[in-house]
Amino acid sequence: MLTDLLPLTTYCFLMSSTPGPNNVMLTASGANFGYRGTLPHILGINVGGAVQTFATCLGLGALFVAWPVLHTVLRVGGALYLLWLAWKLTGGVMGDATVQRPLSFAQGALFQAINPKSWMKAVTLAAVFMPAGWPPLQGALVVAAVGFAVGFPCVSLWALFGVAIRRLLADARRRRIFNVIMAAALALLALLFLR
């Protein structure tokens, strides 16, 4: 198992550190609400991802093999949610681009159920990194725990990046421009989900 730990942690690091819907949302949240205000969202992402990985390691990933249409449902659902978040980030059609409150723990956790990048990570972890010869429950717990332990500091850095640029966004006009750019990034990700 120890020889498998380095590739497992490396994969978790890469998947948690690279841009994706979670990290774009965390950057925007860090900039708008600070780290403490974003912490429930961070924890929700990590707990939701760990539960998703655990369940996938125990066989949930087989559903995607049995019913390929689930991939389409996941992509469309994820894209629609990202478009809704982008709309909220810009204040709606004619509104002010100030976000009222950060996403909650539950919203962060539940988003993983429709986040294609999160599913890709969970399915890969289950297919490639489940320890051979271990009882499934124990192996799933180890893989999910490593994913959580590695993912938490990685996604925290994205929120902290948002916090770091927060002073630059003290001006309402700059904050609006930033929120519109973050909303455009979410909308672009939504479109990429649909290709």
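Residues numbered from 1 in each chain as written. Predicted model: local features only at pLDDT ≥ 70, side-chain atom pairs only at ≥ 80, totals over all residues. Heavy atoms only, no water.

(A) The overall build of the protein chain, seen in detail. If you tally the helices and strands in the protein chain, you get eight helices and zero strands. Along the protein chain, from the amino end to the carboxyl end, the secondary structure elements read α-α-α-α-α-α-α-α. Over its C-alpha trace the protein chain gives a radius of gyration of 17 Å, about what one expects of a compact globule, namely 16 Å for 195 residues. In terms of its C-alpha atoms, the protein chain occupies a principal-axis envelope of roughly 60 × 35 × 25 Å. Counting all 195 residues of the protein chain, 44% fall into the buried class. Summarising the internal contacts of the protein chain: among those between residues at least 6 apart in sequence, 83% fall at separations of at least 24. Approximately 10200 Å² of the protein chain is accessible, and the part contributed by carbon and sulfur atoms is 74%. (Helix = DSSP H or I, 4+ residues; strand = E, 2+ residues; numbered from the N terminus. Rg over C-alpha atoms; globule rule 2.2 N^0.38 Å. Buried < 20%, exposed > 50% of the residue type's maximum accessible area, 1.4 Å probe, protein only. Contact = heavy atoms within 4.5 Å. Areas by Shrake-Rupley, 256 points an atom, 1.4 Å probe, with all protein chains shown as cover.)

(B) Layout of helix 8 (residues 172–194). With 23 residues, helix 8 ought to run about 33 Å at 1.5 Å a step, and its terminal C-alpha atoms sit 33 Å apart, in line with that. Of all the positions in helix 8, only F178, N179, M182, A183, L186, L189, A190 and F193 are classed as buried. The inward-facing, buried residues of helix 8 abut helix 2 (21–60), helix 4 (69–89) and helix 6 (116–128). (Expected span 1.5 Å × (residues − 1).)

(C) Local environment of the environment of N179. Positionally, N179 belongs in helix 8. N179 gets classed as buried once you look at its relative accessible area, which sits at 0%. C-alpha of N179 to C-alpha of A28: the two residues are 151 residues apart in sequence and 6.9 Å apart in space.

(D) Spotlight on empty space enclosed by the protein. A complete count under the given rule lists one cavity of 30 Å³ or more for this structure. Taken as a whole, the largest cavity encloses approximately 280 Å³ of empty space. Taken together, 24 residues form the lining of the largest cavity, with S16, N22, I45, Q112 and K121 sitting closest to its centre. Listing elements by their share of the lining of the largest cavity, those giving two or more residues are helix 1 (2–17), helix 2, helix 6 and helix 7 (136–164). Of all the elements, helix 2 adds the most residues to the lining of the largest cavity, at nine residues. Among the residues making up the lining of the largest cavity, the classes are represented as eight nonpolar, 14 polar and two charged. (1 Å grid on protein atoms, 1.4 Å probe; cavity = no way out; pocket = protein on both sides within 12 Å on 5 of 7 lines; lining within 4 Å. Points joined across faces, edges and corners; volume = space filled by probe spheres on them. Nonpolar A, V, L, I, M, F, W, Y, C, P; charged D, E, K, R; others polar.)

(E) Region of interest: the nonpolar core. Judged by nonpolar contacts, the single largest core of 21 residues is most densely connected at M25, L82, L85, L89, F178, M182 and L186. Elements represented by at least two residues in this core include exactly helix 2, helix 4 and helix 8. Here this core gets seven residues from one element, more than from any other, and that element is helix 8. Each residue touching M182, except ones within four places of it in the same chain, is listed here: V24, T27, A28 and L89. In terms of nonpolar packing, the next biggest core, distinct from the first, is built from 13 residues, C57, A126, F129 and V146 among them. (Core = buried A, V, L, I, M, F, W, Y, C linked by side-chain atoms within 4.5 Å.)

(F) Representation of the packing of helix 2 against helix 7. Across the interface, helix 2 lies against helix 7 with an axial gap of 8 Å and an inter-helix angle of 165 degrees. Looking at the two axes, helix 2 sits roughly antiparallel to helix 7. When you trace helix 2 past helix 7, the crossing you get is right-handed. Here the contact of helix 2 with helix 7 is composed, by residue class, of 25 nonpolar, 10 polar and no charged. (Axes fitted to C-alpha atoms, helices over the stretch in contact; angles between N-to-C directions. Parallel < 35°, antiparallel > 145°, perpendicular 65-115°, else oblique. Left-handed = near helix turned anticlockwise from the far one by under 90°.)

(G) The arrangement of the environment of L169 in detail. Tracing the sequence through the fold places L169 in the loop between helix 7 and helix 8. Classification of L169 as buried rests on a relative accessible area of 9%. Discounting chain neighbours no more than four positions away, the residues touching L169 are A31, R174, R175 and F178.

(H) Looking closely at the layout of surface pockets. In this structure, the second largest pocket spans a volume of roughly 260 Å³. Lining the second largest pocket are 10 residues, and of these H71, L74, P116, W119 and M120 sit closest to its centre. Counting residues per element, the ones that place at least two in the lining of the second largest pocket are helix 4 and helix 6. Here the lining of the second largest pocket takes five residues from helix 6, the largest share from any one element. Considered class by class, the residues forming the lining of the second largest pocket number seven nonpolar, one polar and two charged.

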